[in-house]
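Structural characterization, general
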Amino acid sequence: MNINNDKLINIVTDYLLEDRYTQAILIDGKWGTGKTFFVKEKLIPTLKNDSSLKYTNIYYLSLYDIKDLNELTNKIYLTLFENFFKNKFGEKRGKNITNKLNLFSKAINIGLNALNNSNILGFNITKDDLPKFEDLIDLKNISLFLDDVERCKIDINELLSFINTLTEQNNIKVVLIANEEEINYTQFYNNLPEKYMLTLNEKIDFNKLSTDNNQKKEQLDKEQLIDRVHYLFSIKDLYTKTKEKTIMITIKYNPNFEDLYDTIVEKYCRNKQLQKRLLKYKSTILNIFKQKKHTNIRTLIFGIISIEKLYPILSSISYTPKKYLNKEIYNCLKSTFILAIKIKSKHINNLNYDDITDNQYIDNSFISKFMLYHHLDKDKIKKDFIYIIKHRQLALHKFKYYSNFTSDNEIYFYLKQLYKELKNDLYPIQEYPSIIEKLVKLKNIGFSIDLEKYQTCMINKINNEMDISFNILEKFNENTRIYNIISNTYTENLKQSILNKLTYVPQSFFTDKWDNKIITYFKEHKDDFTYLEVFYHI
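All values reported here derive from a predicted model rather than from experimental measurement.

**Side note on the overall build of the chain**
On a plain count of helices and strands, the chain comes out with 28 helices and five strands. Within the chain, the fraction of its 538 residues that count as buried is 46%. Surface exposure of the chain reaches about 30,000 Å², of which carbon and sulfur atoms provide 48%.

Below, the structure is given as structure tokens:
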């Protein structure tokens, strides 16, 4: 059954209210879909606020890494203790007492003995404060929400038998939360070395396996070993039978991002001003996830936290007119979530910037530096951000997407604007290769462009520059490679003009071997050098 959140809440409510149900229910969903978030932040609070369930005591606990039933039983009791202490001493102190109890002992009886020595644990409580068993538990009013079932190390069939004891014999309501398709796989890795050894026993007939029809093979590959383990230790059939007895209904949890978006933003975004922006641009952000076919809630949270770290810097920038500032912040929001999806989809933390740049909005390198390396240079971010805002208003940026122009007249309009901007000194010299590349492309597809006119304007700028460093020449040379116009006559003329202005150029600069290798190396590792803020001088 695949349903929306409201219907799921109604099903769980009905299950908790109906005393004739003596089985558990299972909420099944893939990792990252937000099952835990939904249960803890939406489902349980809604149930606790439902007046029809006012006598129901709801407890949530994760089964992650629990190794046996004894540990599970102790954890359930600790959860009950926490609720008791919260009611007796208040939320904060009650949780603190339970945390210390859990810290000092995995076994509840040891924990109780430790509580008698209040000086050791820092508690100011007496034996009279300790709960009696009847204070702790009323079996008829208990509802347990057990999460991370597939990450529990107890054999799944043993666990389900225990759940059946709770529901059928003790009338405890149990809601299981799991990624059911992973249950068999996680159990597979228990005692794996011993399982591998057993699969090598020649007395076992594996001829029924399609991948293993030679009983006397001297060598087995990894896939054949795995198939043998699954063949011998598959719990699927037994699990299906045990599940049929223990679980009444399985609810497929496949949420709509839209249902959880507001709740996630309100919980994880602490900056109220940014929170308003995230809610305002909800449809834009959700559309990014939809286009990328990505539905992992943790990625959304990663993006929210990342932009929140950057937002105070961006919102402190003064720029007039403000609409351009707001537009660029809007672009940064989009870039952040696109990058979050890229990073989380690749499951690595050391991506090259080129690897994750495939969208027109991702041209703010400070975002990638922070998300990949947690590197923040506030002054540089402000400087770069203002430059980006100004740059977006220039004709060169418009030509970046000239295919979106609706008419030839529009292109000629921006060609005139580009020439005026060059004359007014609005472009740094190292950007000239990019300009030449755009002009050559437009000329090659039939537009009438006087390239010499633009070149003359650029050379005049170079000649009038008071101080040209070797760094500018290096950047210029690198950009000719990036835009694939190394042998272009116009860029060669510009390059010669730069060389004429330099008082010193290392001889090694003219060596093709060094030139090709070092530029290629810097391009491939530019994120590393930018992060380290190191520049290698010749």
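**Here's the deal with the nonpolar core**
What tends to happen in soluble globular proteins is that the nonpolar side chains get buried as a cluster. Leu 43, Phe 145 and Leu 278 are the most contacted members of the largest nonpolar core, which totals 66 residues. Ignoring anything within four residues of it in the chain, the contact list for Leu 43 reads Leu 8, Ile 9, Val 12, Ile 27, Phe 38 and Phe 145. Among the nonpolar cores identified, the runner-up in size contains 37 residues, and Leu 394, Phe 399, Ile 411 and Tyr 432 belong to it.

**Considering the confidence of the model for the chain**
Mean pLDDT over the chain stands at 79; residues scoring 70 or higher make up 75%. Predicted confidence is poor over residues 103-112, with pLDDT under 50, and the contacts of this stretch with residues over four places away or in other chains come to 14 contacts. Contacts of residues 528-538 to residues separated by more than four positions or lying in other chains number 19 contacts, the stretch itself having pLDDT below 50.

**Here's the deal with helix H2 (residues 35-48)**
A rise of 1.5 Å per residue sets the reference length of H2, with its 14 residues, at 20 Å; its end C-alpha atoms lie 18 Å apart and thus fit the reference within 8%. Of all the positions in H2, only Lys 35, Phe 37, Phe 38, Val 39, Leu 43, Ile 44 and Leu 47 are classed as buried. Contact partners of the buried residues in H2: helix H1 (5-17), strand S1 (24-28), strand S2 (57-62), strand S3 (142-147), strand S4 (173-178) and helix H13 (257-268).

**Let's talk about the environment of Lys 153**
Residue placement: Lys 153 occurs in the loop between S3 and helix H8 (156-170). Sequence separation between Lys 153 and Ile 66 is 87 residues, and the spatial gap between their C-alpha atoms is 5.7 Å. Within polar-contact distance, the side chain of Lys 153 engages the side chain of Asp 65 at 2.9 Å.

**Concerning the pairing of S1**
When you tally the buried positions in S1, you get five out of five residues, the bulk of the element. Side-chain alternation along S1 places Ala 24, Leu 26 and Asp 28 on one buried face and Ile 25 and Ile 27 on a second face that is also buried. In this structure, S1 lies alongside strand S5 (residues 247-252), joined through five bridges in parallel fashion. Its bridge partner being in S5, Ala 24 is matched across the sheet by Ile 247.

**Some remarks on the packing of aromatic side chains**
In total, this model carries 11 aromatic pairs according to the counting rule given. With a centroid separation of 6.1 Å and 20° between ring planes, the pair formed by Tyr 15 and Tyr 21 is classed as stacked. Overall, Tyr 15 belongs to the buried group, its relative accessible area being 1%. Every member of this aromatic cluster is reached through a ring pair, and the members are Phe 399, Phe 405, Phe 413 and Tyr 414. In this arrangement the basic side chain of Lys 453 is found over the ring face of Tyr 419, its NZ or CZ atom lying 4.5 Å from the centre.

**Section: the sheet that holds S5**
Spatial strand order, S2-S3-S4-S1-S5: five strands in an open sheet with parallel pairing. Pairing within the sheet leaves two strands with one partner each, and these edge strands are S2 and S5. Taken pair by pair, the neighbouring strands of this sheet meet at an average axis angle of 20°, ignoring direction. Where S1 and S4 come together, four bridges link them in parallel fashion. The residue bridging Asp 28 from the neighbouring strand is Ala 178, located in S4. H1 contacts S1, S2, S3, S4 and S5 of the sheet and is inclined by roughly 150° relative to S4.

**Some points on the packing of helix H24 (residues 451-464) against helix H26 (residues 489-501)**
Contact geometry of H24 with H26 gives a least axis separation of 10 Å together with a crossing angle of 15°. By the criterion of interaxial angle, the relationship of H24 to H26 is roughly parallel. The handedness of the crossing between H24 and H26 is right-handed. Each of Leu 451, Glu 452, Gln 455, Met 458, Ile 459, Ile 462 and Asn 463 in H24 lies in contact with H26, whose residues at this interface are Thr 489, Tyr 490, Asn 493, Leu 494, Ser 497, Ile 498 and Lys 501. Taken together, the residues of the contact of H24 with H26 sort by class into seven nonpolar, five polar and two charged.

**Thoughts on a positive patch on the surface**
A surface patch of like charges, here positive, comprises Lys 416, Lys 420, Lys 423 and Lys 453. In terms of residue count, the dominant contributor to the positive patch is helix H22 (residues 408-423) (three residues). Note on placement: Lys 416 falls in helix H22. Lys 416 gets classed as exposed once you look at its relative accessible area, which sits at 60%.

**Things to note about the pattern of salt bridges**
Counted according to the given criterion, the structure contains 16 salt bridges. For Arg 20, the salt bridge is made with Glu 18, and the minimal N-O distance between the two is 2.8 Å. Classification of Arg 20 by relative accessible area gives exposed; the value is 66%. According to the relative accessible area criterion, Glu 18 is buried, its value standing at 18%. In this structure, the salt-bridge partner of Lys 153 is Asp 65, at a minimum N-O distance of 2.9 Å. Of this pair, Lys 153 sits in the loop between S3 and H8 while Asp 65 is found in the loop between S2 and helix H3 (69-89), placing the two residues 88 residues apart along the sequence.

**Focus: the packing of helix H15 (residues 282-291) against helix H17 (residues 322-346)**
At their nearest, the axes of H15 and H17 sit 10 Å apart, and the two run at 30° to each other. As the angle between them shows, H15 and H17 are arranged roughly parallel. For the pair H15 and H17, the crossing hand works out as right-handed. Facing H15, whose interface residues are Thr 284, Ile 285, Ile 288 and Phe 289, H17 presents Tyr 330, Lys 334, Phe 337, Ile 338 and Ile 341. Taken together, the residues of the contact of H15 with H17 break down into seven nonpolar, one polar and one charged.

Conventions and cut-offs
Residues numbered from 1 in each chain as written. Predicted model: local features only at pLDDT ≥ 70, side-chain atom pairs only at ≥ 80, totals over all residues. Heavy atoms only, no water. Helix = DSSP H or I, 4+ residues; strand = E, 2+ residues; numbered from the N terminus. Buried < 20%, exposed > 50% of the residue type's maximum accessible area, 1.4 Å probe, protein only. Areas by Shrake-Rupley, 256 points an atom, 1.4 Å probe, with all protein chains shown as cover. Core = buried A, V, L, I, M, F, W, Y, C linked by side-chain atoms within 4.5 Å. Contact = heavy atoms within 4.5 Å. pLDDT = per-residue confidence, 0-100. Expected span 1.5 Å × (residues − 1). Polar contact = N/O pair within 3.5 Å; in protein donor to acceptor, adjacent residues only side chain to side chain. Pairing = 2+ DSSP bridges. Phe/Tyr/Trp six-rings, centres within 6.5 Å; stacked < 30°, edge-to-face > 60°. Lys NZ or Arg CZ within 6 Å of the ring centre and 35° of its normal. Axes fitted to C-alpha atoms, helices over the stretch in contact; angles between N-to-C directions. Parallel < 35°, antiparallel > 145°, perpendicular 65-115°, else oblique. Left-handed = near helix turned anticlockwise from the far one by under 90°. Nonpolar A, V, L, I, M, F, W, Y, C, P; charged D, E, K, R; others polar. Patch = residues over 30% accessible without salt bridge, like charges linked within 9 Å, V, L, I, M, F, W, Y side chains within 5 Å. Salt bridge = Lys/Arg side-chain N within 4 Å of Asp/Glu carboxyl O. Lys, Arg positive; Asp, Glu negative; His and termini not counted. Charge placed at Lys NZ, Arg CZ, Asp CG, Glu CD.

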